[in-house]
Each structure stands twice: as C-alpha cells, then as structure tokens.
Amino acid sequence: MKFITVDTYKEMSRKAANLIAAQMTVKPTSVLGLATGSTPIGIYEELVERCKNGDIDFSAIRSINLDEYVGLDGESDQSYRYFMNYHLFSKVNINIADTYVPNGKAADIEAECKAYDARIEEFGGIDLQLLGIGLDGHIGFNEPDTCFTGETHLVDLHPSTIEANARFFASKDEVPTKAVTMGMRGIMQAKKVLLVANGPKKKEILEKAFFGPITPEVPASILQLHPDLTVIFSQYE
Ligand code: PGA
C-alpha cells in the first residue's frame, strides 16, 4: 500500500487526477470505476480541465460507478447518475452510453445487481477503481456488517450514512434508506485501487481501515489485501 499524506484538498485532487490521467494515457480504453461524494469533486474538476487542454481523452474510456440510491432516477438531482453527468460526463468527451451507474429505479433490483456484475465481468474487470471512504469505513455503500459481500447488492443505509448524506437533501427524511452498491468482488478485482480522503474528520477511520485489523465491521479494511492500493489523504481540509 502507498499511503500518501498531503496538506490540501487541491494537492490531493491533483495527485489523484495525475494517477487517473496516467492510467488513461497508458491504456486509452481503460475501464474506470468511479465514485461520488464530496471528496472526488476536485478530481473531476482536474480531469475536466486536462480534457479541455487536450491532455487526456475519454473517447474510448468506459466507466462504471460504485452505487446508486434506490428510488431515484437520473433526473433527480440527488441521484448519483445526475452527479456524474453534472460533474464529469457532460464536461468531457466520454460517450454517455459507455458510462454505467446502477439503475436505482429498476423494477427488479436483484436482476439489476446481477446484470451489473455481469457487465464488470464482460469488461474483464476494472482497470482503476476510485474510492472515497465513509466515516463508518464504508466503500461504495458496503456498510459495516458481520461479513463482506462479494456481489453487487441491495443495502440498508447505516444511520450514520443517512445522517452524513442529509446535507445534500432538503431534510433527513428525504434521504433514501436503501441503495444498490457494487460488492467487494468488483472492487477487489480492480487492477488498481485509489482511495481518497479529505480532512481531519477522516483521520480516525483511515487509521482503523489501513492500520488496524481486517474486519467487515470496517469495510475498507479489506483493501489492505489489495496488491495495488494507493491512499491519498489531505490532512487539512
Ligand atoms: P464524502 O463521502 O466524499 O462525501 O466524504 C465519502 C463516502 O461516503 O464514500
């Protein structure tokens, strides 16, 4: 594991964007596993800038996102599909048909989960997976549990996650209570994993996840077993 501590959010975003840009340059047909949340926004801004400058090219990139709220469709401005379109896809030359986010409005969620895993298989796995980390140690929406779940699956969101995400909604009652998330197999089979965390509030969970025991109670701790993991932590916000 490479654990890189930097001072600022800007530095974190630039270093992470450098790694993603390098991946795209070395393999222009890369499959990028992408993440939502406030932490990656600066990375997406950097990537948009580099694409505008002609330094990177998304035309042959395929992307697959980690998760989506159940009950929201892409038109809802709280959905993760909307987030990705807004922060990245609408601003770079990616083919929107090559971008995948779970369908939170699927009539058959179980079938949606199976199809999502089949797609990851069909891609031959993810080349680089970008991750944030929740205050409870979640990655994607793999919440603390008694076991790790391999497949893409339906989850009940942890009360602390609902609390943390309420800031994006008009009220806590509007935060969906369920989500679809890629499981640990999709994440762990990625060839490279890049986890970003911003600010002192994430310090304690990073210590538990990367310097403590591997346990499903701290879902990100499984990444200690990944052969190519980079963590970039900006210690001041
Ligand atoms: P954040 O969320 O980037 O908004 O802190 C991270 C996460 O919950 O994965």
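In case you missed it, the structure is sitting above this.
Worth saying up front: this structure is predicted, and the values here are computed from it rather than measured. Think of each chain on its own: its residues are numbered from 1, step by step along the sequence as written. Owing to the predicted nature of the model, reporting of local features is limited to residues with pLDDT of at least 70; listing and counting of side-chain atom pairs is limited to 80 or more, with chain, interface and lining totals taken over all residues. To obtain the side-chain values, all non-hydrogen atoms of the structure were used and water was disregarded.

Examining the site of the ligand
Surrounding the ligand, one finds Gly37, Ser38, Thr39, Gly132, Ile133, Gly134, His138, Arg167 and Lys202. All accessible-area figures derive from a Shrake-Rupley calculation using a 1.4 Å probe, and residue coverage is judged against the displayed protein chains alone. Across the complex, the protein chains shield 84% of the 280 Å² of accessible surface that the ligand would expose by itself. Only protein atoms enter the 1 Å grid used here. Points where a 1.4 Å probe fits but cannot escape make up a cavity, open sets with protein on both sides within 12 Å along at least five of seven lines make up a pocket, and a residue lines them when an atom lies within 4 Å of a point. If over half the atoms of a molecule are within 2 Å of the grid points of a cavity or pocket, the molecule is regarded as sitting in it. If you map the ligand onto the pockets, it falls in the largest pocket. Whether a residue is near a molecule or strand depends on its heavy atoms: if one lies within 4 Å, it is near.

What to know about the sheet that holds strand β6 (residues 128–131)
Here the rule is simple: two strands pair whenever DSSP picks up at least two bridges between them. Secondary structure elements follow DSSP: runs of H or I no shorter than four residues count as helices, runs of E no shorter than two count as strands, and numbering proceeds from the N terminus. Spatially, seven strands are ordered β1-β10-β9-β6-β2-β3-β5 in an open sheet, and the strand pairing comes out parallel. Two strands bound the open sheet, and with one partner strand each, they are β1 (2–6) and β5 (99–100). Here strand β3 (residues 62–65) runs beside β5; their pairing, made up of two bridges, is parallel. Considered in β5, the bridge of isoleucine 64 is made with tyrosine 100. Docked against the sheet, helix α7 (residues 203–211) engages β1, β9 (192–198) and β10 (229–234), running at close to 160° with respect to β10. The contact criterion used is simple: two residues touch if any of their non-hydrogen atoms lie within 4.5 Å. A fitted line through C-alpha atoms represents every axis, and for helices the fit uses only the stretch in contact; the resulting angles, taken between N-to-C directions, go from 0 to 180 degrees.

A short note on the layout of surface pockets
The volume enclosed by the largest pocket comes to roughly 700 Å³. Surrounding the largest pocket, 33 residues form its lining, Gly37, Ser38, Asn165, Arg167 and Phe168 being those nearest its centre. When residues of the lining of the largest pocket are assigned to their parent elements, the largest contribution, four residues, is made by helix α5 (residues 159–165). Grid points are joined across faces, edges and corners, and a volume is the space filled by probe spheres set on the points. In this model, the second largest pocket occupies a volume close to 160 Å³. In terms of lining, the second largest pocket is formed by Lys2, Leu19, Ala22, Gln23, Val26, Leu128, Lys192, Val193, Leu194, Asp228 and Thr230. Contributing elements (two or more residues each) for the lining of the second largest pocket: α1 (9–26) and β9.

Comments concerning the pattern of salt bridges
We define a salt bridge as a side-chain nitrogen of Lys or Arg found within 4 Å of a carboxyl oxygen belonging to Asp or Glu. Under the defined criterion, the tally for this structure stands at 11 salt bridges. Residues glutamate 110 and lysine 114 are paired through a salt bridge, measuring 3.8 Å at the closest nitrogen-oxygen approach. Residue glutamate 110 and its partner lysine 114 are both found in helix α4 (residues 109–122); the two are separated by four residues, about one turn of the helix. There is no split in this pair, since glutamate 110 and lysine 114 are both exposed. A simple rule labels every residue: compare its accessible area, found with a 1.4 Å probe on the protein chains alone, to the largest value its type can have, and call it buried under 20%, exposed over 50%, or partly exposed in between.

Some remarks on the packing of helix α2 (residues 41–52) against helix α3 (residues 80–87)
Close contact between α2 and α3 brings their axes to 10 Å; oriented N to C, the two are set at 40°. Counting all contacts with α2, which are made through Ile41, Tyr44 and Val48, the residues of α3 involved are Phe83, Met84 and His87. Each residue is assigned to one of three groups, with Ala, Val, Leu, Ile, Met, Phe, Trp, Tyr, Cys and Pro labelled nonpolar, Asp, Glu, Lys and Arg labelled charged, and all others, Gly among them, labelled polar. Across the contact of α2 with α3, the residue classes break down as five nonpolar, one polar and no charged.

A short note on α3
For α3, the set of buried residues is Tyr80, Arg81, Phe83, Met84 and His87. Looking straight down α3, one finds that the buried residues subtend no more than 160° of arc, so they occupy a single side. Looking at the buried positions of α3, the neighbouring elements they touch are β2 (31–34), α2, β3, β4 (67–69), β5 and α5. By the criterion applied in these results, polar contacts are pairs of N or O atoms within 3.5 Å in which, for protein atoms, one can donate a hydrogen and the other can accept it, and in which residues neighboring in sequence qualify only through two side-chain atoms. N-cap assignment for α3: the residue whose side-chain oxygen lies 3.1 Å from the backbone N of tyrosine 82 is serine 79. Of all possible arcs, the one meant is that of the directions from the helix axis to the C-beta atoms.

What about α1?
Counted at 1.5 Å a residue, the expected span for α1 with its 18 residues is 26 Å, and the 26 Å between its end C-alpha atoms agrees. Every buried residue of α1 is accounted for by Met12, Ser13, Ala16, Ala17, Ile20, Ala21, Gln23 and Met24. Projected onto a plane normal to the axis of α1, the buried residues spread over an arc of 160° and lie on a single side. More than 90 degrees from the buried face of α1, the exposed residues found are Thr25 and Val26. Considering only its buried residues, α1 is in contact with β1, β2, α2, β6, β9 and β10. Helix span is expected to be 1.5 Å times the residue number reduced by one.

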